Amino acid sequence: GLDSLLAALTLKRQGIDVRLLTFVTPFFGADRAMASGRAIGLEPRPVDLTEPHLVMLRAPKYGYGRYMNPCIDCHALMFAQAGRIMRDEGGDFLFSGEVLGQRPMSQNRQSLAAVARESGFAGHILRPLSAQVLEPTAMEETGLVDRSRLLGFSGRSRKPQIALAAEWGVTNYPNPAGGCLLTDPVFTHRLKELADHEGLNDPRLMHLLKVGRHFRLPDGFKVVVGRNERENEALMAWSRPGDLILHTITDPGPVVLVPGAALLGADHPSFLLAASLTASYSDAAAPRTIPIAVGRPEEGEPTMVQVLPRPDFSGFMV
């Protein structure tokens, strides 16, 4: 984001060799960071944080924010991983774009101190955008970084950052909101529901939460219904041999994925419900009976299913 870019440039303008890391989990990716980093002449390195992040997410020491965002624990985990890379590759210190007071819960003085402490690299963390309103770090006291050329931003307003970006010619940066799905109410509702049934162990199931309409059948099977061609392709890409895949034959319609249900027989209640969802979310008008193919398109064994009104399934929707 903008704050991280400005923090990097603040140090780069001192002649410091800056390396950027961007972390990847099912809840945030690297695309925006890669594009904005390249725009200032730096190539961020993506680092997959999925496994330790899921361990942390199940029981964050400092709890969640408004939704399922464990921001303090998450920032500490990122600094811990970055610190190991710094140590292994001979770096001198870590930095971030955090601004004192910008986020009342996760960027107050106590939270910033907790992040540093929990990371295990407290003596190596610099926040260039707020350095002049924070206690001097060892890097500043030893002259490794010129404190007088660091900044003193604080508070929730982003006007100072936007003004500085304009002064330095930084124009390619993402909006401040929307970077982490754990702050999204719809996604986190689905994630909590997933945690109650399958748990928070399988990253694939979390990626599936980003796609389609979701239904929970009475015997516990999850059904994901694609809403457009892009989502149909995504569901096929995320499918695995043990999944049940359904799709229409005669009418345009969704790909439907039921994870772990490949062995369900055609007379099983969950199979019949999933097939009915496939028919009813197609372009076929009720009441009609249409063929639904089981498996990938090249495999399709058709089953005849009646098209039902979509409100009939509202009680199953997640």
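None of the values given here were measured: they were computed from a predicted structure.

## Some remarks on the overall build of the protein
Summing up its helical and strand segments, the protein has 11 helices and 10 strands in all. Principal axes of the C-alpha set define a box for the protein whose edges measure 75 × 40 × 35 Å. Out of the 318 residues in the protein, the part that is buried amounts to 49%. Long-range pairs, those at least 24 residues apart, make up 59% of the contacts in the protein between residues at least 6 apart in sequence. Carbon and sulfur atoms make up 53% of the accessible area of the protein, which amounts to about 15500 Å² in all. Of the side-chain charges in the protein, 33 are positive and 34 negative, and the distance between the mean point of each set is 7 Å.

## Comments concerning helix H8 (residues 185-197)
Its 13 residues place the ends of H8 19 Å apart at the C-alpha level, agreeing with the 18 Å of an ideal helix rising 1.5 Å per residue. Those residues of H8 lying buried are Phe187, Thr188, Arg190, Leu191, Glu193 and Leu194. The distance from a side-chain oxygen at the start of H8 to the backbone nitrogen of Val186 is 3.1 Å, and the residue carrying that oxygen is Asp184. Once H8 finishes, Gly199 follows within two positions and takes phi at roughly 85°, a positive value.

## Some points on the pattern of salt bridges
The full count for this structure, using the stated rule, is 14 salt bridges. The salt bridge partner of Glu118 is Lys61, with a shortest N-O separation of 2.8 Å. Here Glu118 is found in helix H5 (residues 109-119), whereas its partner Lys61 is found in the loop between helix H3 (50-58) and helix H4 (71-89), with 57 residues between them in sequence. Judged by its relative accessible area of 33%, Glu118 is partly exposed. Owing to a relative accessible area of 60%, Lys61 belongs among the exposed residues under this scheme. One salt bridge in this structure joins Glu140 and Arg147, with 2.6 Å as the shortest N-O distance. Relative accessible area serves as the criterion here: at 25%, Arg147 is assigned to the partly exposed category. Residues joined by salt bridges that share partners form a network here, namely Glu193, Glu198 and Arg216.

## Let's talk about the packing of aromatic side chains
Under the definition given, this model contains two aromatic pairs. Seen in terms of ring centroids, Phe27 and Phe187 are 5.9 Å apart; in terms of plane orientation they differ by 75°. Their pairing is edge-to-face. On the criterion of sequence distance, the pair formed by Phe27 in the loop between strand S1 (21-24) and helix H2 (31-39) and Phe187 in helix H8 is long-range, its members being 160 residues apart. What makes Phe27 buried here is its relative accessible area of 2%. Among the residues examined, Phe187 registers a relative accessible area of 5% and is labelled buried.

## Structural notes on the environment of Pro44
Turning to its location among the elements, Pro44 is positioned in the loop between H2 and strand S2 (45-48). Pro44 sits 84 residues away from Pro128 along the chain, and the two C-alpha atoms are 18 Å apart. In this structure, Pro44 is in contact with Leu20, Thr22, Ala33, Met34, Gly37 and Arg38, ignoring residues within four places of it in sequence.

## Remarks on helix H7 (residues 159-168)
Listed as buried for H7 are Gln161, Leu164 and Ala165. For H7, the angular spread of buried residues about the axis comes to 105°, placing them on one side. Exposed side of H7, more than 90 degrees from the buried face: Lys159, Ala166 and Glu167 are the residues found there. Buried residues along H7 sit against helix H1 (2-12). Positioned one or two residues after H7, Gly169 has a phi angle of 75°, which is positive.

## Regarding the side chain of Ser96
Structurally, Ser96 can be placed in the loop between strand S3 (94-95) and H5. Other than its neighbours up to four places away in sequence, Ser96 contacts Ala7, Phe79, Leu126, Arg127 and Pro128.

## Concerning the state of the cysteines
All told, the structure shown has zero disulfides when counted by the stated rule. Cys71 carries a free sulfur, and the closest cysteine sulfur to it, the one in Cys180, is 6.7 Å from it. On the accessibility criterion, Cys71 (24% relative accessible area) is partly exposed. Take Cys180: it sits in no disulfide, and the sulfur closest to it among the cysteines is that of Cys74, at 6.4 Å. The partly exposed category is assigned to Cys180, whose relative accessible area is 23%.

## Description of the packing of H1 against H7
Relative to each other, H1 and H7 sit at 55°, their axes nearing to 10 Å. By the angle between their axes, H1 is oblique relative to H7. Note on packing geometry: the crossing formed by H1 with H7 is left-handed. Seen from H1, the contacting residues are Leu2, Asp3, Leu6, Leu9 and Thr10; seen from H7, they are Gln161, Ile162, Leu164, Ala165 and Trp168.

What counts as what
Residues numbered from 1 in each chain as written. Predicted model: local features only at pLDDT ≥ 70, side-chain atom pairs only at ≥ 80, totals over all residues. Heavy atoms only, no water. Helix = DSSP H or I, 4+ residues; strand = E, 2+ residues; numbered from the N terminus. Buried < 20%, exposed > 50% of the residue type's maximum accessible area, 1.4 Å probe, protein only. Contact = heavy atoms within 4.5 Å. Areas by Shrake-Rupley, 256 points an atom, 1.4 Å probe, with all protein chains shown as cover. Lys, Arg positive; Asp, Glu negative; His and termini not counted. Charge placed at Lys NZ, Arg CZ, Asp CG, Glu CD. Expected span 1.5 Å × (residues − 1). Polar contact = N/O pair within 3.5 Å; in protein donor to acceptor, adjacent residues only side chain to side chain. Salt bridge = Lys/Arg side-chain N within 4 Å of Asp/Glu carboxyl O. Phe/Tyr/Trp six-rings, centres within 6.5 Å; stacked < 30°, edge-to-face > 60°. Arc of directions from axis to C-beta. Disulfide = S-S within 2.5 Å. Axes fitted to C-alpha atoms, helices over the stretch in contact; angles between N-to-C directions. Parallel < 35°, antiparallel > 145°, perpendicular 65-115°, else oblique. Left-handed = near helix turned anticlockwise from the far one by under 90°.

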